[in-house]
Protein chains: 2
Amino acid sequence: MNSLDAEIEKRARTVDDFLVRHFELFSTVDFLAPRLLVESMSYSLHTGGKRFRPVLALLVGEHYNQDLLQILPWAAAVELIHTYSLIHDDLPCMDNDDFRRGKPTNHKVYGEATALLAGDGLQTEAFQLLMKYYSQDAALACQLVERLCTAAGPQGMVGGQALDLQAEKVPPSLAELKQIQKLKTGMLIRVTLEGAALASGASKTTLWLLRYYGEALGLAFQIADDLLDAEQGDQSKSFVSLLGLDGTKELLLETSVKAKEFLNKLTQPNVFLLQLIDYNMNRKV
Amino acid sequence: MNSLDAEIEKRARTVDDFLVRHFELFSTVDFLAPRLLVESMSYSLHTGGKRFRPVLALLVGEHYNQDLLQILPWAAAVELIHTYSLIHDDLPCMDNDDFRRGKPTNHKVYGEATALLAGDGLQTEAFQLLMKYYSQDAALACQLVERLCTAAGPQGMVGGQALDLQAEKVPPSLAELKQIQKLKTGMLIRVTLEGAALASGASKTTLWLLRYYGEALGLAFQIADDLLDAEQGDQSKSFVSLLGLDGTKELLLETSVKAKEFLNKLTQPNVFLLQLIDYNMNRKV
């Protein structure tokens, strides 16, 4: 394990611990949520995800010497949104996946109805969590909710999933594919950085630079995913089917260079945020 | 049409107009949400619902002589949550309903995948709408988001739906059935009143009285629904199957009396809020 891997892993475990503790609250006597529902929500939160988004948020917080608790709830809220989207994405009416990260998908374990509700509940819980930890600074809390809604809703992630459905019928152009990926995964990655910067009291300029870095990183992340899928033989709806393997690798390089450029405009860019770009370019999972 | 019907109808149209205008914004050039998704969201928002919850909110606002725009967005946000829950509830993996209010359900028109996303998007949009209209008073906005989350999430509506699923396997006792209904429909009705009172700057005492009124009214609403369903021959999982027709009518009366008692403790209780109790007891749809 190289040093960046270890650094990512350390922060991912911090996020895990926070999520475990948060969901333990759900099992106190006062709490009325049905046990099976909570179990199903927790199941998908702990199936060995990379915690890519939360780790990004923590790195931004560290860059600003922020107290961990100022960033961790934001990081966790983003992960709840991401997890809800995976549960719904795996459902039979969507991608109909039986496994995710080698484990049975939520609906395979708990049934479709409970999986649907677990996703619904995780979305609500993301906003609830923001309220719990940020409402003392109500203006910040509102900014975080507003930005998370934009990134997760019809103008963002959910919109991207809808475009993705349409792309199954009509193959998208390169511009359309970029737009799908921007909405479906890019905006949540971008907002993860923006929200962490906001919670850290970053300047407007920094916010914009991190926003553009996030947008490029999100796209690079998706392109790398497509390349990995292509190695497994799946080239559907992907950059590889439009650009070929070499063209896609070129686009990955271009996008990664762009991400670096934005980051390098920051005074003292965070070294791990920089390294993440190469890490993504070369990753094997 | 008696006078209360007309009063309800008038306010329901105000809510309709607001929702139409809000979703028109989604079709501007700047807006990136896919047209089909927005169409599917709008479809379910405009299938002739009674707008029971939003009307309750408006009545509370009028009681406090509040500007309509101080209450209407809250009323609309609750309706978005209610509508998302109906879309998901109708899906094949849940109740598998082909029709709602005489019209084809969302997934019958747009397919399961789009219906799933429309529900997801409506939930996000509810919080987004609160941000848009209340974030200038950030403390109020946070309170509204927090309460809506509690009412809609695993401790509320979604939790009630999960309990409802379990009740299909093990028939619930009367206490359990009351708990299911409280979570599944009661808490959203209750929070509708609470949120409107908060946005109106009501006192803590008023808030509590409206909360209890809302809780009783919500239960009465559900009991009346069960009685109407029983007339159609459906007595599954209902108060009627546990208490019989006469016992259920008695419970409806008891609960309605309780709702009146709470409301009558208010100085100058709103006459329409009072009339609604009898209206619900005698309604035919």
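Residues numbered from 1 in each chain as written. Chains lettered and ligands numbered in written order. Predicted model: local features only at pLDDT ≥ 70, side-chain atom pairs only at ≥ 80, totals over all residues.

Looking at this structure, I do not really get the overall build of chain A. What am I missing?
Counting its regular elements, chain A contains 12 helices and two strands. Listing the helices and strands of chain A from first to last along the sequence gives α-α-α-α-β-β-α-α-α-α-α-α-α-α. Taking 2.2 N^0.38 as the reference for a compact globule, 285 residues should give roughly 19 Å; the C-alpha atoms of chain A span a radius of gyration of 18 Å, in line with that estimate. Here the C-alpha coordinates of chain A stretch approximately 55 × 45 × 35 Å along the principal axes. Considering only contacts in chain A between residues 6 or more positions apart, those separated by 24 or more positions represent 67%. (Helix = DSSP H or I, 4+ residues; strand = E, 2+ residues; numbered from the N terminus. Rg over C-alpha atoms; globule rule 2.2 N^0.38 Å. Contact = placed C-beta atoms within 7 Å.)

Can you help me understand the relation of the copies chain A and chain B in this one?
Put simply, the two copies of the chain differ by a rotation about an axis and a shift along that axis. The two copies are related by a screw operation: chain A maps onto chain B through 180° of rotation and 0.0 Å of translation along the axis, at an RMSD of 0.0 Å. Interpreted geometrically, this transformation is the action of a two-fold axis. Minimal C-alpha distance to the rotation axis in chain A is attained by Ala138 of chain A, lying at 2.6 Å. Same-surface contact between copies: 100% of interface residues of chain A are shared with the interface of chain B. (Least-squares fit on C-alpha atoms with pLDDT ≥ 70 in both.)

Would you mind going over the interface of chain A and chain B with me for this structure?
Interface extent is often summarised as the accessible area lost during association of the parts. Contact with chain A, which involves 44 residues of that partner, is made by 44 residues of chain B. Of all elements in the fold, only helix 2 (35-45), helix 6 (112-134), helix 7 (138-152) and helix 8 (157-169) of chain A reach the threshold of two or more residues within the side of chain A that touches chain B. Looking at the side of chain A that touches chain B, the element that brings in the most residues is helix 6 of chain A, giving 13 residues. Taken together, the residues of the side of chain A that touches chain B sort by class into 28 nonpolar, 12 polar and four charged. (Nonpolar A, V, L, I, M, F, W, Y, C, P; charged D, E, K, R; others polar.)

When you look at the packing of helix 4 (residues 68-90) of chain B against helix 6 (residues 112-134) of chain B in this model, what are you seeing that I'm missing?
For any two helices packed against each other, the geometry is given by the interaxial angle and the distance between the axes. All names here are of chain B. Contact geometry for helix 4 and helix 6: axes closest at 8 Å, N-to-C directions at 170°. In this view, helix 4 runs roughly antiparallel relative to helix 6, as classed from their interaxial angle. Where helix 4 abuts helix 6, its residues Pro73, Ala76, Ala77, Leu80, Ile81, Thr83, Tyr84, Ile87 and His88 lie against Ala115, Ala118, Gly119, Leu122, Gln123, Glu125, Ala126, Leu129, Leu130, Tyr133 and Tyr134. Class assignment of the residues belonging to the contact of helix 4 with helix 6 gives a composition of 15 nonpolar, four polar and one charged. (Axes fitted to C-alpha atoms, helices over the stretch in contact; angles between N-to-C directions. Parallel < 35°, antiparallel > 145°, perpendicular 65-115°, else oblique.)

How do you make sense of unusual backbone geometry when you look at a structure like this?
Glycine aside, a negative phi is what most residues show, and trans is what most peptide bonds show. Residue and element names in this part refer to chain B. Of note in this structure, Asn65 is not a glycine but carries a positive phi near 50°. Inspection of the secondary structure puts Asn65 in the loop between helix 3 (52-63) and helix 4. Phi angles above zero are rare outside glycine, and Arg101 is one such case at about 50°. Along the chain, Arg101 turns up in the loop between strand 1 (99-100) and strand 2 (103-104).

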